[in-house]
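Descriptive analysis of the structure
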Amino acid sequence: MVRHSVLDSWKDPRGGEIERVRLDNGQLAIEVLSLGGIIRSLWAPDSRGERANLVLGCDSVEDYLTQSAHLGAIAGRYANRIAHGKLHYDGEDFQLDVNQATNCLHGGREGFNRKQWTLGLLPDGVRLSLRSPDGDMGFPGNCSVQLDYRLAGNNLYVEIMAMTDKPCPVNLTQHSYFNLDGRADCLDHTVTMHAKTFLRCNEAGIPTGHASTSGTPLSLQDVRLGDRVQHPDLASTRGFDHCFVIDKTQDELALAAELHSPHSGRLLKLYTNQPGVQLYGANFLDGERGRQGKIYRPYQGVCLEPQLFPDAPNQPDLGKAWLMPGEIYHHISRYQFEVKD
C-alpha cells in the first residue's frame with residue numbers, strides 16, 4: 001500500500017505554485033515536484049534497515065531554477081545532445097536552442113526540467129502530464145507527455161508516454177544523481193554496465209560510431225569508480241559521460257546497469273526498455289547549490305540515464321528517433337533497490 005502525503009507548496013517566482021507530494025510504501029519513499037517532474041528525494045534502506053535519501057536535490061524553487069544540472073528532473077524534449085541544434089526532416093530545417101557548446105542538450109535552456117507539470121495521484125504513485133507547444137525550444141509539433149512514478153515493493157517504476165501532431169524527435173529520461181551512502185563523493189561506488197559496446201564520440205559529445213568496451217576503461221564489471229575516473233582515455237570528459245549500448249532485444253525490459261556502495265550495502269539495479277544508458281559521474285557538477293546551502297562538487301552523484309541515442313535524429317544508423325503523428329513514445333524503467341553484503 002502506498003501512502004500519499006501532500007506537502008506544502010512552494011511559490012514559483014515565475015508565477016503560480018510548485019506542488020510537492022511524498023509517496024511511501026514502507027520500503028521506498030519519494031518526494032515529487034510538479035516542477036520538471038523532479039524526484040527531489042528518494043529514501044531506501046541500508047544493510048541495517050535504516051532509510052536515507054539517495055538523490056541530490058535542492059531546498060527551494062529558486063535553487064532548482066538557477067542550477068543547470070537537471071537534478072532529479074525529466075530531460076526533454078530530446079535528452080542528451082543534438083549536433084549544432086539542427087534538425088532536418090522531409091525538406092524542412094529546424095533550429096533548436098543551443099545551450100551546451102555547439103549542441104542542443106536535454107531539450108534546450110527551457111527544457112522539460114523547467115516546465116510546470118500537472119500533478120495527480122495514482123493508487124500506487126503519482127501521474128504528471130505536460131503539453132509542450134509547437135516550436136518549444138525549436139522542436140516541431142505539439143507534444144503531450146504522461147509521466148508515472150509508481151512504487152511496488154523495493155522498486156520504483158518510471159513510465160513515460162508521449163504523442164506529437166507533427167514528426168518530431170522525442171527522447172525522455174529521468175536525470176537523478178544517485179549517492180547511495182551520503183558521502184562527499186561516489187568514488188567508492190562500484191558500477192556494472194551490461195553492455196559490450198558504447199558510442200564513440202567527438203569532442204562535442206556527438207556519436208561517431210560504435211566501439212567495443214573490451215580492453216577500454218569502459219569495460220565495467222563491478223569496477224570502483226575512483227579507479228577509472230582519472231584514466232587518460234577519459235581525460236576529455238573528466239571521467240564517465242558515455243552512452244552504453246545495452247545488451248537486449250528490442251522490447252525487453254533488461255538489466256542495464258548496477259550501482260553499489262560498499263559502505264551502506266545499498267545496491268541499485270536498473271532495468272529498462274531503452275536501447276542506451278548514459279553513465280554520468282557528475283564530472284562537471286561544480287558550484288550548484290544543494291540541500292542546506294551546501295555546494296555540490298564533482299563526483300558527488302552518479303546518473304544512470306536510460307534513453308535513445310544522442311544525435312540519433314540526424315544519424316538514422318543509431319535507430320529510430322523521430323516520433324510520427326499517431327505513434328506513442330513509450331519509455332519504462334525499473335529501479336530496484338537491494339542490499340548487498
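Read on for an overview of the structure. (Residues numbered from 1 in each chain as written. Predicted model: local features only at pLDDT ≥ 70, side-chain atom pairs only at ≥ 80, totals over all residues. Heavy atoms only, no water.)

1. A few points about the overall build of the protein
- Summing up its helical and strand segments, the protein has 1 helix and 27 strands in all.
- Over its C-alpha trace the protein gives a radius of gyration of 19 Å, about what one expects of a compact globule, namely 20 Å for 341 residues.
- For the protein, the spread of C-alpha atoms along the principal axes amounts to about 60 × 50 × 40 Å.
- The burial tally for the protein puts 57% of its 341 residues in the buried class.
- Taking all contacts inside the protein whose residues are at least 6 apart in sequence as the whole, residues at least 24 apart take part in 64%.
- A total accessible area of about 13800 Å² is found for the protein, and carbon and sulfur atoms account for 48% of it.
- For the protein, the distance from the average site of its 34 positive side-chain charges to the average site of its 42 negative ones is 3 Å. (Helix = DSSP H or I, 4+ residues; strand = E, 2+ residues; numbered from the N terminus. Rg over C-alpha atoms; globule rule 2.2 N^0.38 Å. Buried < 20%, exposed > 50% of the residue type's maximum accessible area, 1.4 Å probe, protein only. Contact = heavy atoms within 4.5 Å. Areas by Shrake-Rupley, 256 points an atom, 1.4 Å probe, with all protein chains shown as cover. Lys, Arg positive; Asp, Glu negative; His and termini not counted. Charge placed at Lys NZ, Arg CZ, Asp CG, Glu CD.)

2. Some thoughts on the pattern of salt bridges
- Tallied over the entire structure, the rule returns 24 salt bridges.
- The residue Arg-40 makes a salt bridge to Asp-59 at a minimum N-O spacing of 2.8 Å. On the criterion of sequence distance, the pair formed by Arg-40 in strand β4 (residues 39–45) and Asp-59 in the loop between β5 (51–53) and α1 (61–66) is long-range, its members being 19 residues apart.
- Looking at Arg-40, the relative accessible area reads 10%, which means it is buried.
- On the accessibility criterion, Asp-59 (33% relative accessible area) is partly exposed.
- Here Asp-227 and Arg-224 are joined by a salt bridge, their closest N and O atoms 2.9 Å apart.
- Given a relative accessible area of 55%, Asp-227 falls into the exposed group. (Salt bridge = Lys/Arg side-chain N within 4 Å of Asp/Glu carboxyl O.)

3. Remarks on the nonpolar core
- Membership of the largest hydrophobic core comes to 60 residues, with the highest contact counts inside it found for Leu-42 and Tyr-149.
- If you tally residues by element for this core, the top one is strand β13 (residues 143–152), at 5 residues.
- In contact with Leu-42, other than residues within four places in its own chain, are Ala-29, Ile-30, Ala-52, Asn-53, Leu-54, Val-55, Leu-156, Phe-178 and Phe-337.
- Of all hydrophobic cores here, the second largest spans 19 residues; its members include Leu-71, Tyr-177, Tyr-280 and Ala-282. (Core = buried A, V, L, I, M, F, W, Y, C linked by side-chain atoms within 4.5 Å.)

4. Examining the packing of aromatic side chains
- Scanning the model with the defined rule gives 5 aromatic pairs in all.
- Seen in terms of ring centroids, Phe-178 and Tyr-335 are 6.1 Å apart; in terms of plane orientation they differ by 35 degrees. Their pairing is tilted. Separated by 157 residues along the polypeptide, Phe-178 in the loop between β16 (173–175) and β17 (190–193) and Tyr-335 in strand β27 (residues 329–339) bring together distant segments of the chain. Accessibility classification places Phe-178 together with Tyr-335 in one group, the buried group.
- A connected cluster of aromatic rings, assembled from ring pairs, spans Phe-178, Tyr-335 and Phe-337. (Phe/Tyr/Trp six-rings, centres within 6.5 Å; stacked < 30°, edge-to-face > 60°.)

5. Re the layout of surface pockets
- Of the pockets and cavities examined, the largest pocket occupies roughly 1000 Å³.
- Around the largest pocket sit 45 residues that line it, and Arg-81, Gln-100, Asp-241, Tyr-280 and Phe-284 are the ones nearest its centre.
- At 4 residues, strand β18 (residues 195–201) tops the list of elements feeding residues into the lining of the largest pocket.
- By residue class, the composition of the lining of the largest pocket is 17 nonpolar, 18 polar and 10 charged.
- A volume near 640 Å³ is recorded for the second largest pocket.
- Lining the second largest pocket are 23 residues, with Gln-250, Gln-274, Pro-275, Leu-308 and Lys-320 sitting closest to its centre.
- At the level of secondary structure, the elements contributing two or more residues to the lining of the second largest pocket comprise β21 (241–246), β26 (322–323) and β27. (1 Å grid on protein atoms, 1.4 Å probe; cavity = no way out; pocket = protein on both sides within 12 Å on 5 of 7 lines; lining within 4 Å. Points joined across faces, edges and corners; volume = space filled by probe spheres on them. Nonpolar A, V, L, I, M, F, W, Y, C, P; charged D, E, K, R; others polar.)

6. Some thoughts on the sheet that holds strand β19 (residues 207–212)
- Strand order in the open sheet formed by 5 strands is β19-β18-β21-β24-β25, with antiparallel pairing between adjacent strands. The open sheet is flanked by β19 and β25 (303–307), the only strands paired with a single partner. In this sheet, neighbouring strand axes are inclined to one another by 30 degrees on average, regardless of whether the strands run parallel or antiparallel.
- Sheet analysis places β18 next to β21, joined by 3 bridges and oriented antiparallel. Across the sheet, the residue bridging to Ala-195 is Ile-246, located in β21. (Pairing = 2+ DSSP bridges. Axes fitted to C-alpha atoms, helices over the stretch in contact; angles between N-to-C directions.)

7. Overview of the sheet that holds β5
- With antiparallel pairing, 5 strands are arranged side by side in an open sheet as β1-β2-β3-β4-β5. Looking at strand neighbours, the two that pair on one side only are β1 (3–11) and β5, the edges of this open sheet. Geometrically, the sheet is characterised by an average inter-axis angle of 15 degrees between neighbouring strands, direction not taken into account.
- In this sheet, β4 lies alongside strand β3 (residues 29–33) in antiparallel orientation, the contact comprising 4 bridges. Bridge pairing links Glu-31 to Ser-41 in β4.

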